[in-house]
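Tertiary structure, described
The lines below spell out each chain.
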Amino acid sequence: MGKVDSIISAVRDGNIKSTQMLFVKRTRTTYITYSPNMDETLRSELLDLIIENLSKKSETLDGEIIYNPCKSLHGKLSLCSHDYVGNYNEFVESLTNPLEELNTEDAGNLSFYCFICTIEYKGDTKAYYFIRRLLNYRTLQKRGFLGISVGNKYTKIDRAVLGIDSTIDLICTESEIIVLSHSSVEKVFRLNEALTAKADQILEYLKQSNKIENYDTFYGDCQTLAIKKRLAILSENQDLLNKVVQNIDAINQVIKSRRLGIQIKDGKLIYGGKEHLLDLLRILQDVFYTSEITRRKGVDE
């Protein structure tokens, strides 16, 4: 049974102890959480819709993989640890001290909702955090207006409108984050800061290894978010990186067989500029391969 199916079973068959609906505004530096009063019947209805949607989603899933910030695989469920996103504890803490009042101005600037469901199931009590980015209508309200039609009368809605649906982006459990929408990890958490820290560690390691000639130029070319994501992946398998960096002869064979144009001199990789950056990162990630049967050469991105 997969992760999502286990949660569905717990909600359907367990004893629901409590539910809570929270709305969260994420800024560059903090979270602001609101807990307006939502009727219990409405919360129950929303939970039913969430489980219904998760059931449909589960039917399309085929296995689980570790979350990769550079890509997602269709039909695969991605998983990552709390520590990976960098500020998980800050996020959870913000949920414990919500503001009760949600005014019109704040409602138009919310980022996502977090529906917390605490369940007793098979002798254990667990809390699931269902997160969904909010559908707000700020753009439409700036360029036009929303209204409601009753009978033959159409009336303008002057207040901020929040669209709540049940297509969940993330599920946070006590041990991990289940990723159903790849881009939402960056939207909910300050993942970019965490990835930058991991990338900086790898860059410092490469500097100390003294295996890259023209390191300062290489360092400068690595300061985009896309490249930092690739470097962060290297931090997940430091042993592999160590073996690659120390195996210059094997690196030289890859460069020649793939005609990469990167030079090696005195045991160092000569970095010649951005035209070499992607191939150099691929070497460090050890993603060049040759298939066993047809000896087809490829790159496992």
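Located above this text is the structure these notes cover.
What comes next is a walk through the structure. (Residues numbered from 1 in each chain as written. Predicted model: local features only at pLDDT ≥ 70, side-chain atom pairs only at ≥ 80, totals over all residues. Heavy atoms only, no water.)

1. Topic: the overall build of the chain
- For the chain, the helix and strand inventory stands at 12 helices and 17 strands.
- In terms of overall size, the chain is more extended than a compact globule, its C-alpha atoms giving a radius of gyration of 24 Å where 301 residues would be expected to give roughly 19 Å.
- In terms of principal-axis extent, the alpha carbons of the chain reach across some 80 × 50 × 40 Å.
- Buried residues in the chain amount to 42% of all 301 residues.
- Once local pairs closer than 6 in sequence are excluded, the contacts in the chain between residues at least 24 apart make up 65%.
- In the structure as shown, the chain presents an accessible area of about 17100 Å², 45% of it carried by carbon and sulfur atoms.
- Charge-centre separation for the chain: the mean point of 40 positive side chains lies 7 Å from the mean point of 41 negative side chains. (Helix = DSSP H or I, 4+ residues; strand = E, 2+ residues; numbered from the N terminus. Rg over C-alpha atoms; globule rule 2.2 N^0.38 Å. Buried < 20%, exposed > 50% of the residue type's maximum accessible area, 1.4 Å probe, protein only. Contact = heavy atoms within 4.5 Å. Areas by Shrake-Rupley, 256 points an atom, 1.4 Å probe, with all protein chains shown as cover. Lys, Arg positive; Asp, Glu negative; His and termini not counted. Charge placed at Lys NZ, Arg CZ, Asp CG, Glu CD.)

2. Thoughts on the layout of surface pockets
- In this structure, the largest pocket spans a volume of roughly 650 Å³.
- Listed by contribution, the elements that provide at least two residues to the lining of the largest pocket are strand 3 (64-66), strand 4 (77-80), helix 9 (225-234), helix 10 (238-246) and helix 12 (274-285).
- For the lining of the largest pocket, the element with the highest residue contribution is helix 9, accounting for 3 residues.
- Tallied by class, the residues present in the lining of the largest pocket amount to 15 nonpolar, 4 polar and 7 charged. (1 Å grid on protein atoms, 1.4 Å probe; cavity = no way out; pocket = protein on both sides within 12 Å on 5 of 7 lines; lining within 4 Å. Points joined across faces, edges and corners; volume = space filled by probe spheres on them. Nonpolar A, V, L, I, M, F, W, Y, C, P; charged D, E, K, R; others polar.)

3. What to know about the sheet that holds strand 4
- Strand order in the open sheet made by the 8 strands is 2-1-5-6-11-12-4-3, with mixed pairing throughout. Every other strand in the sheet has two partners, leaving strand 2 (31-34) and strand 3 as the edge strands with one partner each. Each strand of the sheet is rotated relative to its neighbour by a mean of 25 degrees, with strand direction disregarded.
- By the bridge criterion, 3 bridges tie strand 4 to strand 12 (residues 177-179) in an arrangement that is antiparallel. Bridging across to strand 12, Leu 79 finds its partner in Ile 178.
- Packing against the sheet, helix 1 (residues 3-13) makes contact with strand 1 (15-26), strand 3, strand 4, strand 5 (112-121), strand 6 (124-133), strand 11 (170-172) and strand 12, and its axis sits at approximately 65 degrees to strand 5. (Pairing = 2+ DSSP bridges. Axes fitted to C-alpha atoms, helices over the stretch in contact; angles between N-to-C directions.)

4. A word on empty space enclosed by the protein
- All told, the structure shown has 1 cavity of 30 Å³ or more when counted by the stated rule.
- Each pocket or cavity is described by its volume, and for the largest cavity that value is around 40 Å³.
- Broken down by secondary-structure element, the contributors of at least two residues to the lining of the largest cavity are helix 7 (191-209) and helix 11 (248-258).
- Here the residues of the lining of the largest cavity are counted per class, giving 7 nonpolar, 1 polar and 1 charged.

5. Describing the pairing of strand 2
- Bridging between strand 1 and strand 2 involves 4 bridges; their strand directions are antiparallel. Bridging across to strand 2, Lys 25 finds its partner in Ile 32.
- Hairpin geometry of strand 1 and strand 2 is characterised by an intervening segment of 4 residues between the two adjacent antiparallel strands.

6. Re the pairing of strand 5
- With 8 of 10 residues buried, strand 5 is to be regarded as a mostly interior element.
- Counted along the chain from strand 5 to the antiparallel partner strand 6, the turn is 2 residues long, and its residue Lys 122 has a positive phi close to 55 degrees.

7. As for the sheet that holds strand 15 (residues 268-270)
- In spatial order, the strands read 13-15-14; together these 3 strands make up an open sheet with mixed pairing. With one partner strand each, in any of the chains shown, strand 13 (212-213) and strand 14 (263-265) form the two edges of the open sheet.
- In this structure, strand 13 lies alongside strand 15, joined through 2 bridges in parallel fashion. Looking at strand 15, one finds that Glu 213 is bridged to Ile 270.

8. Structural notes on helix 11
- If you check which residues of helix 11 are buried, you get Ile 248, Ile 251, Ile 255 and Arg 258. Buried residues of helix 11, viewed axially, fall in a sector of 105 degrees; they line one side. Projecting away from the buried face of helix 11 at angles above 90 degrees are the exposed residues Asp 249, Gln 253 and Lys 256.
- Downstream of helix 11 by a residue or two, Arg 259 has a phi angle that is positive, lying close to 50 degrees. (Arc of directions from axis to C-beta.)

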